[in-house]
Amino acid sequence: MIDSDTHPVGVERHTSCDVDKPRKIVKKQRKYDESYISFGFINANDNPQCVMCSKILPNSSMAPAKLRRYLESVHQEFKDKNMEFFKRKRDELLKVQKFMFDSSHTVNENATEASFLVSYQIVKAGEAHTIGETLIKPCAINMARCMLNEKSAKEINKIPLSNDTVSRRIKELAGNVTTELIWRLKSSNFALQMDESTDVAGLAISLVLVRYQHEKSMAEDLLLCKSLPTNTTGAEIFNMQNSYFEENNIPWENCINICTDGAKSMVGKTAGAVARIKQVAKNCTSSHCVIHRQALVSKKMPIDLKNTLDEVVKIINFIKSRPLNNRVFKILCDDMGSLHSSLLLHTEVRWLSRGKILVRFFELRDEVRVFLLDHHFDLKNRLSDQEWFFKVAYLADIFSKINEVNLALQAKQVNIFNANDKLLALNRKLQFWTSCIRRRDLDCFPTLHDFLEQVGTEITNKQYEQIVQHLEGLVDSITQYFPNEEREKLENDLWVRNPFNITEKPTSFSTSEYENFIEMVSDTTMQSIYKELPLVDFWCSLKDEYQLL
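Since the model is a prediction, treat every value here as computed from it, not as a measurement.

Draft legend 1. Highlighting the side chain of Asp537. Mapping Asp537 onto the fold places it in helix H23 (residues 535-541). Put simply, Asp537 is tucked away with no salt bridge, and the nearest opposite charge, on Arg211, sits 9.8 Å away. Ignoring any residue separated from it by four or fewer positions in sequence, one finds Asp537 in contact with Lys216, Ser217, Met218 and Gln413.

Draft legend 2. The packing of aromatic side chains, seen in detail. Summed over all chains, the structure comprises 27 aromatic pairs. A ring pair is formed by Phe362 and Phe389, whose centres lie 6.1 Å apart and whose planes are at 75 degrees; its orientation type is edge-to-face. A residue pair is termed long-range when its members are at least 10 positions apart, and Phe362 in helix H13 (residues 353-363) and Phe389 in helix H15 (residues 386-409) qualify at 27 residues. On the basis of relative accessibility, which here comes to 6%, the residue Phe362 falls in the buried class. A centroid spacing of 6.3 Å and a plane angle of 55 degrees characterise the contact between Phe500 and Phe538, whose relative ring orientation is tilted. Of this pair, Phe500 sits in the loop between helix H20 (494-497) and helix H21 (511-521) while Phe538 sits in helix H23, placing them 38 residues apart in sequence. The exposure class of Phe500 is partly exposed, given its relative accessible area of 23%. Chaining the aromatic ring pairs together yields one cluster made of Trp495, Phe500, Phe509, Tyr514, Phe517, Tyr530, Phe538 and Trp539.

Draft legend 3. View of the nonpolar core. Formed by 62 residues in total, the largest nonpolar core has its most connected members in Phe361, Ile398, Phe445 and Leu471. Per-element accounting of this core gives the leading share, 13 residues, to H15. With sequence-adjacent residues up to four places away left out, Leu471 is seen in contact with Tyr394, Ile398, Leu430, Trp433, Thr434, Ile437 and Phe445.

Rules of the game
Residues numbered from 1 in each chain as written. Predicted model: local features only at pLDDT ≥ 70, side-chain atom pairs only at ≥ 80, totals over all residues. Heavy atoms only, no water. Helix = DSSP H or I, 4+ residues; strand = E, 2+ residues; numbered from the N terminus. Buried < 20%, exposed > 50% of the residue type's maximum accessible area, 1.4 Å probe, protein only. Lys, Arg positive; Asp, Glu negative; His and termini not counted. Salt bridge = Lys/Arg side-chain N within 4 Å of Asp/Glu carboxyl O. Contact = heavy atoms within 4.5 Å. Phe/Tyr/Trp six-rings, centres within 6.5 Å; stacked < 30°, edge-to-face > 60°. Core = buried A, V, L, I, M, F, W, Y, C linked by side-chain atoms within 4.5 Å.

Structure below.
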């Protein structure tokens, strides 16, 4: 009996694992040799490929005898050809393969590009991502089939426009825009325009626009739009902005100006967001938004006119904010053949809504009066009061004029000189309108003028004085929000606006700067460029050549 832990010498011991374990077979990988071209074969990823029929044989056929046998049996007519013949066939095959690859590659590239273009239009229009595959693509195929041919329709069918594809394309486009913008900000100076507001869902949203020089022009983009989690303090606004800059390695040193509204969280001397940014951006200055200040000018009005505006808003809300009233009012407008079928809501944060709601309300005053006849509403008697409508007509006129100025300030290529001109023009117009009212001339307020002619009445001296009081209050507000010191500073910088009209050295210039300025204004080429380009683009084009300026 043999012990289980020992075994006799000379007797090989086998375990169950050794017996059951299969032997590993190593497959031999044959290598291609350049001499195989004499049999009409080239290397195709370690497999032989025939240059006559393009067939690829398995690697096991990579042997001279097997290759010769294939040539003599399949291509017997070429078995006596020399090596030059097979090399020529090889070049032809490679050329065809390259053409087929390039064609396929081009088709795929075009289809991908078309997919990106369609996805861009979908997100730009704010449509659902599924519209690409369910509507746009079928329509494009039908158009190609009708206008071109069936082949073109099949090519369009290759464009990927599924819901997931469109969503992925949009994310890639957004990522590319963000990456490009961050790269630009890292390599150039920029100015920030910041604001904080609350949306309809109650979220506090911080918006940051950035303006910077790109190539030979000024560009403006949306840099940040995020909700503040808790408080809307200057610290929270700065921390969110600073975190974004640190994540993307944007240097604060490149920030040269911050434009904000007059909110305490923004402009507070110690805890405001602007003060905190200036601590990390040492060369940064700050400014108060011109558009915001112009909107603040329009807020000042006599209490009587303010009550009239509030009453108009209450009447509109009674109709507009109740779905049943809104539907009935729309039917009434359609039956009466009105120009409009609904009123407009007023939102205090939307500055232009004052003028718009007043004009629309005045145009639909008859429809509103008829509608309120069947309702118990406290203010319905106002619709029969001509003196009340006189105030509404005047407010519709004056706020429409103020809206025109506000919109002009928001136009493209508007600079501080243009804004100052428009505000100066508004100030002069207000003074002119005041003098017209004092002469009992209402031509400057067409809505009020036409209303008085329609009802065949005139306004009283007290009502004239109300208008004069309001207009003079607007003039005082302009002086308050746009002090003379700002205008005087702009007058000292007129060399920026009209460089070729300057004959004396500006006080802010050093000797070397003025010499550089003389060189620029003496260049006739610069004069033609100045006439062709907008002012901002003109100075951007001189950045490299006249750096001192």
